Each structure stands twice: as structure tokens, then as C-alpha cells.
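Coordinate analysis (summary)
The primary structure of each chain is shown beneath.
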Amino acid sequence: MEFSEHIKTANVEDVVLRRPFHPPMQGTLCVTGHHLLFSNRDGDSSRLVLLLLRNIDAIEKRPSVSSGTITLKCKDLCVLQLDIPGMEECLNIARSIEYLSSLDIVSDMYPFFYRPLKLSLQDQWGLSSPEQNYAQMEELQDRWRLSHVNKDYSVCPSYPPAVIVPHSIDDETLVKVAKFRQGGRFPVLCYYHRKNGMVIMRSSQPLTGANRKRCREDELLLQAVIDGSGLGYIIDTRSNQQAQQARMTGGGFESKSSYSCWKRLHRQLERGKVLQESLIKLVEACGDHSHSVDRWLSKLENSKWLSHVHTALATAGLLAECVERDGHSVLVHGSEGTDATLLVSSLAQLILDPNTRTLDGFLGLLEREWLLAGHPFQHRCAHSAYSHARLRLEAPVFVLLLDCVWQLARQFPLAMGFSEPLLLRLAREVYASDYGTFLCNSDQERCAAGVKERTHCLFQFLLKPSEREHYSNPLYEPTELAIWPSIQPQSLQLWRGLFLRWTQHAVHLEKAQEELRNLVIECRGAS
Amino acid sequence: FLNETVENVRLIDRTAPRKAMVGTLYLSATHTIFVENNPETRRETWVLHSMVASVERPPTTPSGSHLVVHTKNFQVVQLLIPQERDAMDVQASLARLSRPEKYSELYCLSINPNANKEEREESWSFLDLQADYRRMGVPNNLWVSTPANSEYRVCDTYPSELFVPKSATPPVIVGSSKFRSRGPSDPFFSQAAICRCSQPLSGFSARSQEDEQMLEAIMKSNPGSDYIYVVDTRPKLNAMANRAAGKGYENEDHYANIKLQFIGIENIHVMRNSQQKISDVGELKTPSMGDFLWGLESSGWLKHIKAVLDAGVFIAKAVAEEGISVVVHCSDGWDRTAQACSVASVLLEPYYRTMKGLMLLIERDWVSFGHKFSHRYNHLEGDPKEVSPVIDQFLECVWQLSEQFPCAFEFNERFLVQLHRHVYSCQYGNFLGNSQKERRDMGLRERTHSLWPQLWKDRAQYANPLYRADHTQTQGILRPNTTPYCFKMWKGMYNRVEKSSPPRQTPTDLLTAVREETQQLEEELTNHQEVAPGGTAQPGTKQGIQTRSRNAPNERCSLRPIYKFINVSLLITIN
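What counts, and where the lines are drawn
Residues numbered from 1 in each chain as written. Chains lettered and ligands numbered in written order. Predicted model: local features only at pLDDT ≥ 70, side-chain atom pairs only at ≥ 80, totals over all residues. Heavy atoms only, no water. UniProt positions renumbered as here; feature names shortened; annotations may be inferred. Helix = DSSP H or I, 4+ residues; strand = E, 2+ residues; numbered from the N terminus. Buried < 20%, exposed > 50% of the residue type's maximum accessible area, 1.4 Å probe, protein only. Polar contact = N/O pair within 3.5 Å; in protein donor to acceptor, adjacent residues only side chain to side chain. Pairing = 2+ DSSP bridges. Axes fitted to C-alpha atoms, helices over the stretch in contact; angles between N-to-C directions. Contact = heavy atoms within 4.5 Å. Parallel < 35°, antiparallel > 145°, perpendicular 65-115°, else oblique. Salt bridge = Lys/Arg side-chain N within 4 Å of Asp/Glu carboxyl O.

Per an unreviewed UniProt entry, chain B is named Myotubularin phosphatase domain-containing protein, and its organism is Oncorhynchus tshawytscha.

As recorded in an unreviewed UniProt entry, chain A goes by Myotubularin phosphatase domain-containing protein and comes from Oncorhynchus tshawytscha. A UniProt comment under Sequence similarities (unreviewed entry) is attached to chain A, and it reads "Belongs to the protein-tyrosine phosphatase family. Non-receptor class myotubularin subfamily."

Structure follows, in C-alpha cells:
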């Protein structure tokens, strides 16, 4: 596609750029296929501001007779303003931004054009494969096997080509189970607890429907999971009522009569539109500086964002408790098994497994539990909190995960190998990125679009020595123990670093973090 | 009822009611002490009687009678006593012991002060208010010390030494003070000054020439400015209502060159109720996020904290940015005025963000200027309507600021919590009574010890490791953001971590620990070198130790700290 068709005015002189923390700046604005480029030459020194068009969530234009103002609200929650001389130019630029910031075709997106000198497309894409993951976990290999039943993505389009299932369950059975689960997402292993051999499984809902259909193979598979330990838990991320209602549309839940060794627990986690609206309300509240303390607190409450954080952590805590304290295996699912399910299972792994708390381990967890497990990033992150577009499939599930991880890291400042800047970076990259990592909705789609051959991998980049330093936690001190978060509301806080990112408030806190980092490095360097 | 002993008492952990400790309860003259029976641990829990706010006895259960003790610093101790009779006795004794009727019953006055006379005398000379005025540069050619109040005749709730504009003659001072219960005087000086007073007795039309001259004199003492701000820290409606009682606020027509500004800090009764509500929020057992935020909102507490901070910000801006002097008052001039002036001082002057500076500020703006400590903090059985968390709010403002500027304060949260505790505890004589005159009449300096040197001695545990005198946040005036989202519930005050929950370490605590350890190791190293064969220590080493003061950050780089983490398993408990 030719981007130039959509760029009527490519250059405007004497534009004024206003953005947080900087005085207004006058210079030249330039529109390219993927960026807004603003440059200002002041004597010998020139400054360049580069904004990825994909990052723009909403654009508001106020043209007047001889000039116009464009307000750009970005997905990283930054708000910029451009004063453009000439109404015609202003409207042209606004139109270009509107079109180019919401490209639909994956291969038109910037990661396919990003070619920095220091990276090569020959570098390994991704951190690990299901095969490598399986090979590393020797202790589970006598009871669990790696199945390639999905090698051409035909059994479950949103799963990776290889998954871990009980040894006694053959591929034929898996195919039948997949037909009984929404989207073919049959129960697979996502975590093996070394201490007691218990596991966390995840799947989508069973398609029992109104007539309480059964599937012998599905029951067999779950029986094989708890073989020997007698009892398992199913954490359903919907309320009991929601699960009942799902039967009307062909979904359902594991009934006591068919799955007698499994005990169901219902914990309602919000998803989809409710979650997206919660984010919108929260960002709106954070952006309004005029109101009183009462109004702020009531808006904060009304957004329900912190309630979602609370529920997610509480459910993850429950899951971890079942595994570590009660010694039972757990199956997690909601309806599709691609959102709340992944949120709960990955948080529980952070609580239980020290290996996921290192920088490498955490990125590995995201790769396994979000990218390979088929979280539909492209759908969920098409728009952020400012967009006026009609909501379709957007939902900030991944941002909610990052917020929960931040709460964990705040409560256990020594336990995580990665730092807040990493979480902030991921929160930005997931919406607009130079890298291909968060493109598409599943591994299958990424392969089809050639993402792995034609874009660079964000995770690989973040682990380069130059970046690693910045994203490591200077206070990190590994612990083998589980980290049980306090889920009292008094213990949870608004993530100021993200939601108040563009206020002076966040700058002071950032400086303090820098001071802390310097002190620790100084102390360490001296010893 | 002294030395009462009850056996087989259970101390209940409120977060895990099944994990109770069994032990013996002792009531001494000053403390309630619980000692665990378990011979291995024998953990002790001490509660100072003067810290007890209330003792409730819920209906008796088959296993015994519960006693719920709330302390004045928002901690809760829950006991289960097997015999109802014993529980009633303990409750009655505690009620009596926690509400003394005479000063002489208080802890600080019940110990023999002459035991270490020298130490006592020294403790009172630890802070020097005069030196602080000199540090600010007063007296000078514009501001002088007036002897008018040396015998507390002009105003018995003011200190004996006051600074006033040089051009204000004694008749003007006395005249002004008659028109107000507390005449204007100056606690903070740069070029522009902050002065404080009570409301004028203006009613609807009364005026006082001397008072008008006094404010004029204050303006003239700030060469170059042609007006002053008069900050009335009350909501305008309250100030207007006061006029009907012959009091009120300055009529801008009568006073040349003043600009009147209302701030809107609510009165002591509103604050007392609000604090009760926020402490209830802190005690909620398993609230939902909605319950918690709703409780926080309906307590109104953070709104009041913001009002106090806003008052300080207004004054600080006027003085530092506009160079205009400010006269601050509320009704009596000892509650809201003290809050506003001291918050402004913290914002304006880096010195007041150090440990010693904050002590001095409290000594000056609160203790010497007649904040009614004994009434406000319920030291003696008295009128419950006089009680109000005025200084609590000041300390919380400082805490909120320290959350916003983590590198700007020399002290940590623990220091503020400790100050708060001692305002209520009466273990030291500093905060007894309601004015300097009362304290002098009671002879407190002869009969009690001062808190300040004690805090100073323990300063290592109150230090903020992120503080550096040369950090940008430390320098000059603080410009806090007072947007509502900047205010948080003070968890360390209203929701302290209880015993069974994991002790969560903060990164700054960790750094403090590291630094202390480094310091110890280094001292050992030096001692070692000093006794090393050859007899002489290397001169450089010795110097290195001497410069290891918190206020000499530039030398910090010359240190060779040895880094070692404290045992991490302490930080994260297994459950």
C-alpha cells in the first residue's frame, strides 16, 4: 500500500508543539507513513520529537480561519497539542493521522519497516519454544508428555503447535476433547509445582449446553490430571450465575455429577467491555485536576479499576493457595479462556514460582502464558482509554496484569528481578510498538503474517546487555519462597507511575527511584 | 487496684483470631503488660496507660469476656479473660488509670527527676529557640524583640519573648493585643515575614487604631511591598458568624493595604469526628475495595488534610514568590494558625525538613505559641469537646509531603509516628499544659525530662536514607502538587500492619539497614587499624569516619561501604 496517498500535506513550518514537562516548541512538522516528526532548529542544536502514529488513540481538531489546533491523545496516556498555521494544512494533517494511526493490515504496520542497525532479522525470535520448556522440566516427564496434535493449528487455532498434557491421554482423545471446549482450547498444563507435583491447567469452558451434554474424553483427561491425588479444584472466573447462563448459548461448566473428583469455585472477574470502560473512567478521573478530594475518591471508586485489581490478585492468591497449601491441582477457565484465565494463572505463577520473578523468567512467562497461549492482543489493544471509536473487542486485560504485578512488586520490593520501568515499557509497547511481539491475536496469525521473519522481537531486545541494566531491580534478592500478597484494599494502591505518568507527581517519585538505584549501585560497587 | 494480675488471659490477633497467645496480664501503675506463658518465647506486650483511648467490653461469651483496648495512636489490643469478674475489674482499673485527673499522676511526673539531675537539665537545653530566630536573621533593623510579654501580662498564651516590627511602639502592641486576644507576632522571617495572631474583636463595626497601625508596621517592615496578606484560615461562613459574637475578621475598608484571604480549614469538632471515621476505616476487617474507598471519602479526612496543606502552600507562595508578608489567624490563633504557619515553614525552609529542624519548629510554632496540648490531646480527664487532632494533621501533612518528595526529608515515617505518640504519651514533659506560662508555673523543667535529646539519640532509626542535603528536592522551597490524587491514606498511622501479616520491608528500610551495617563495619575497621602494630592509624581513615555525618553528603563518596543484605527470609514469611 502506498501511504503517500493518505498524506496530502507532508510538511508544515512554524508549528508549535506543546507537551508535558517541556516548554512550547516551534518547528517543522512532518508526516510520514508511520510517524509524526517534529524538528526544531535552534542555532546549531536541533531537537527531534518522533511520535509513532500507532500510539495515537484519539485526535481532536479545532480549525479556525487561518490556523488550527490538533490535540493528540496517545495510548500511553500522554496528551500533546499542535498549533498549525493554515486551516487547510491542519485539516490535511488531521486526516492523515486519523487514517494512518488505525491501519488494519498487520503487514502495513511499523514493525515490518523498523530496521535498526544494532538488530538483525537473523536473531532468534522469541525466548523459548514449548519443546525447550518441556525439556527443561525433567521432573514432570514421567507423567506428562508434549503433544504435537496441534502442529498445524487445526485442533485449536489459538494454541501453540505443542502443548503439555497427561501422558495417558493420546492425541485422538485430545482432538475429541477440543471439540468439547470452546475454541478448541482443551485443558493443558501451564505450571508444575515442584514442591508437591501439583499442576495448574487452563482451558476454555466445556460446551455442555442446555442439555448438559457430556464428553467422556474430557472427563478422562481431567481424571488423568489428578490421578493419585484424589481431588482437584476448578476455578471458574465467572460467577455461578454467569456460568449457568452460559449454558443457554452452548457453553457451560463441569457439573458435580460428571466430574465428581473436581470441586468448582466461582470467582467473578470482569472482562471485555466492562474492563475497558473501567480504564476509560479511571483515566478520565486522573486527567481532571479540578475536582475536590471527595469527587476524586468517588470517581476512583466509581471506575472500579482497583476493585478489578483486587479481585484478580485475590483469585490468583486463592489459586496459589489451592496448589501450595492444600496440595491440589487446579484447572482455571472462564468462557473463552484467553483473558481472565491467563491473568489468574500467570499471577499465581508469580506468587509460587521464583523462576518467573527474574527478568528473563518474567518475559518467558509472558511469552508462554500470553503470546503462545493466544491472548488476542490485536483485538484487545486496538484502542486505549481516550478513543471515541465504538468499542469492539478492546479490553485492557494485559494492563490489568501489569498493574497486579506492580502491586506484587510494591509489596515485595526485593522479590522481583525486574523493575517498574519494565512494566511501564510493556504497558506502552503493547499498544504501539516498533517490535512485532504484540502483533496479531495468536501464534498461528503471527506465523502466517511472517511476524517472526520480518519484525524484531521486543523480548530479545529487552534482554540485551544495554537494556537489561535499566530494567533490572537493583534491590533484587532471590527467594525460593512463595510471595503471598496482601489483598486488603488498604494495601493496594493506584499505580501512579502509569496513570499519573505525565504529571509532576510521577517525576518526583521517579527521581527518588533513581536515587535509590544509585545508592544501591554505589554500595554494591564498593563491596 | 494496682499490681493486679490475671492468669490465663488470651491475647487475640485480630487478623487471625485462632492464633491467640495465652499468658498473664499485669497492671502496673503505668503500664498494662501481657506476658506469654510459652517458656520459649515469653513475648511481652506493653501498653502505656496514658496511650489508652478506650476499653470496650463486648457481651460475655462462653469462653470468657473480651476486652478491646483502643490506643490513642490507633492500635487495638484484644484480650480474652476467662472470668467476667476479672474482666470488669481490669476494665474499671484501666478506665481509671488511663484518665488521670491531676498532672501529678502522669508518667513523666511520677518518676523521680532528681535521679539524674544533670541529664535532665541538659535535656532542656537541647533546643535553642533564640538560635533559630538568629538563624532567620532576627532581631535586625526592622524586627526587634519586645519585652512587653516577658511576664505574660499582654498575652498569657504567648511565649515571653516575641518579635515585632521595630516601628510598632509599646502602646501599639498593647492596643493591638487588646483588640485581639493574641496580638500579631512573628514566627518566621526571611524578608517577607509570616506573623500570627487571633481573630480581631471587630464584630460588625468595631475598629482599633493600634491594630491598624500594627498591621501597617508589619507591611512597612518589608521594604518594597505595598500590601500584606491577612490569611483567615477559617471558612468564610464561620468567620462571618463570629462577627455576631463581637469577633470576626478584618474590614478591608479600615485597614489600608491588606488583602484578605479565606482558606477554609474546618473547626476542631469537625476534625475530631473526621478522624474517628478514618480510624474506623483503618480497622475494617475485610472490606471490599468499594467499602474502603467509600469510607475514605465519607470520612472527609483527606479533604481536611488538603485544606491544611493548601493553607501552607498559599502562605509559602506569598512569602517566597511574591515577597509579601502574611498575617495568619483563625479564631484563637492556636490551632489552624499553628498548622498553617508550620506547614508553610516546612515548605519554605529546608532546615525544617531535618530532624532537629522539625523539633525546633514544633517547639516554636506549637509549644511556645500556646497550642493547648493538654486539652487537645486529652492528657487529663476533661472536656471531650476540647479534644481534636490538630497536630496529627500537621504531622500528616509532613508525611504526605514526604511521600511526594521522597528525598527531601532527613527523617522517615517512623520519626513522625514517634512524635505523634509522644504528643499523647506524657512520658516527657514537653507537651504538658496549654501554654508556656502554664509549663513554667508547673516547673516542668525541674520535674521532668525533655523528649528531644531522646529522639536525637535514636536518630539512626529515624533517618531517611534517600535524604541528601544537596539533592534538588532538598533545596529551597517545596512546591507540592495538591491535586486530590496526591493524597493517600496514611497506612502507617491508621492501618498499621498487625502481627500475623508478613512484615513487609520497604526499600528505604533496607537501605537504612545496609548503611548502619556499613557504618559498624567501618568503625570496626578503624578500631582495628588504630591498635595495629606501629601504633598510628592512617590519617585519612580517621578523617573518613569523622565526615560520616548525614549532613555531609559530599564526603559520602569517600566512604568504602561494604554491602550486605539482611536476611531476606525475614522479609517474606512463609505461611
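**Regarding the side chain of Asn73 of chain B**
All names here are of chain B. Among the structural elements, Asn73 can be located in the loop between strand S6 (65-71) and strand S7 (76-81). Given a relative accessible area of 5%, Asn73 falls into the buried group. Side chain to side chain, Asn73 and Thr71 meet in a polar contact 2.6 Å long.

**Here we look at the sheet that holds strand S10 (residues 188-192) of chain A**
Residues and elements named next belong to chain A. In spatial order, the strands read S10-S11-S14-S12-S13; together these five strands make up an open sheet with mixed pairing. Pairing within the sheet leaves two strands with one partner each, and these edge strands are S10 and strand S13 (262-266). On average, each strand axis in the sheet is inclined to that of its neighbour by 25°, with strand direction left out of account. Relative to the sheet, helix H9 (residues 340-352) contacts S10, strand S11 (199-202) and strand S14 (329-333), its axis offset from that of S11 by approximately 165°.

**Looking at the packing of helix H3 (residues 129-136) of chain B against helix H11 (residues 355-368) of chain B**
Residue and element names in this part refer to chain B. It is at 10 Å that the axes of H3 and H11 come closest, and there the two elements cross at 105°. When the interaxial angle is binned, H3 and H11 end up roughly perpendicular. Listed contacts from H11 to Leu129, Asp132, Tyr133 and Met136 of H3 are Leu360, Glu363, Arg364 and Ser368.

**Some thoughts on the pattern of salt bridges**
In the structure shown here, the tally under the stated rule is 49 salt bridges over all chains. Of the charged contacts in the structure, one is a salt bridge between Arg380 of chain A and Glu336 of chain A, with a shortest N-O distance of 3.9 Å. Here the residue Arg380 of chain A occupies a position in helix H11 (residues 377-380), and Glu336 of chain A occupies one in the loop between S14 and H9, the gap between them amounting to 44 residues. Assessed through its relative accessible area of 8%, Arg380 of chain A is described here as buried. The partly exposed category is assigned to Glu336 of chain A, whose relative accessible area is 40%. The partner of Lys488 of chain B in a salt bridge is Glu403 of chain B, and the shortest N-O contact between them spans 2.6 Å. Separated by 85 residues along the polypeptide, Lys488 of chain B in the loop between helix H18 (459-462) and helix H19 (491-494) and Glu403 of chain B in helix H13 (residues 390-404) bring together distant segments of the chain. A residue is classified by how much of its surface remains accessible, and Glu403 of chain B, at 29% relative accessible area, is partly exposed.

**As for unusual backbone geometry**
A positive phi angle, close to 50°, is found at Arg212 of chain A, a residue other than glycine. If you trace the backbone, Arg212 of chain A turns up in the loop between S11 and helix H4 (216-226). Residue Arg212 of chain A is classed as exposed on the basis of its relative accessible area, which comes to 52%. The phi dihedral of Phe74 of chain B falls on the positive side, at around 65°, and the residue is not glycine. Residue position: Phe74 of chain B is located in the loop between S6 and S7. Using a relative accessible area of 16% as the deciding quantity, one classes Phe74 of chain B as buried.

**Let's talk about the pairing of strand S8 (residues 144-147) of chain A**
One face of the sheet, then the other: side chains in a regular strand alternate in exactly this way. Residues and elements named next belong to chain A. Burial along S8 is two-sided: Trp144 and Leu146 facing one way and Arg145 and Ser147 facing the other are all buried. As paired elements, S8 and strand S9 (residues 163-166) share four bridges and run antiparallel to each other. Residue pairing for S9: Leu146 is matched across the bridge by Ile164.

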